[in-house]
Amino acid sequence: MFAAAKVKAVDATAAGDTFDGAFLARLVAGDDPFKAGYFANNAAAISTQSYGAVCSIPTDSMVREFMKETL
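Quick caveat, the model's predicted, so the values are computed rather than measured. (Residues numbered from 1 in each chain as written. Predicted model: local features only at pLDDT ≥ 70, side-chain atom pairs only at ≥ 80, totals over all residues. Heavy atoms only, no water.)

A.B. asks: Sorry, what's going on with unusual backbone geometry here?
C.D. replies: The bulk of non-glycine residues show a negative phi, and the bulk of peptide bonds are trans. Although it is not a glycine, Ala14 adopts a positive phi angle of roughly 75°. With respect to the secondary-structure elements, Ala14 resides in the segment before α1 (15-28). (Helix = DSSP H or I, 4+ residues; strand = E, 2+ residues; numbered from the N terminus.)

Right under this line is the structure:
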């Protein structure tokens, strides 16, 4: 459905939770499911680049910047 962003993953802890939270947040904000999924997929990719759960969850602006850089 969505191509995964290529990142150097070091820890998958909280990647699924990050995806779920980002997806729901974008749906509530009014995005269609495809846009919400694309955003969430990128948020989860970012979260795998650092260790741990809470500290690996990216902010909205981090995800948006990452998406600009990976287009």
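A.B. asks: Before we go on, may I ask you to explain the packing of α1 against helix α2 (residues 33-47) in this structure?
C.D. replies: For any two helices packed against each other, the geometry comes down to the angle between their axes and how far apart the axes lie. Put simply, α1 and α2 touch, their axes get as near as 8 Å, and they point 150° apart. Crossing of α1 against α2: the hand is right-handed. Of the residues in α2, those touching α1 at Ala15, Thr18, Phe19, Ala22, Phe23, Arg26 and Leu27 are Pro33, Ala36, Gly37, Phe39, Ala40, Asn41, Ala43, Ala44 and Ser47. Its residues assigned to classes, the contact of α1 with α2 shows 11 nonpolar, 4 polar and 1 charged. (Axes fitted to C-alpha atoms, helices over the stretch in contact; angles between N-to-C directions. Left-handed = near helix turned anticlockwise from the far one by under 90°. Contact = heavy atoms within 4.5 Å. Nonpolar A, V, L, I, M, F, W, Y, C, P; charged D, E, K, R; others polar.)

A.B. asks: Explain the packing of α2 against helix α3 (residues 60-69) to me, please; I cannot follow it from the model alone.
C.D. replies: Packing of α2 against α3 brings their axes to within 9 Å, and their N-to-C directions diverge by 100°. It follows from the interaxial angle that α2 and α3 lie roughly perpendicular. In contact with Tyr38, Phe39, Asn42, Ala43 and Ile46 of α2, α3 contributes Asp60, Met62, Val63, Arg64, Phe66 and Met67. For the contact of α2 with α3, the residue count by class is 8 nonpolar, 1 polar and 2 charged. (Parallel < 35°, antiparallel > 145°, perpendicular 65-115°, else oblique.)

A.B. asks: Is there a simple way to explain the nonpolar core in this structure?
C.D. replies: Nonpolar side chains in soluble globular proteins tend to be buried together. Ala22, Phe39, Ala40, Ala43, Ile46, Val63, Phe66 and Met67 form the largest nonpolar core, which has 8 residues in total. Residue contributions to this core peak at 4 residues, all from α2. (Core = buried A, V, L, I, M, F, W, Y, C linked by side-chain atoms within 4.5 Å. Buried < 20%, exposed > 50% of the residue type's maximum accessible area, 1.4 Å probe, protein only.)

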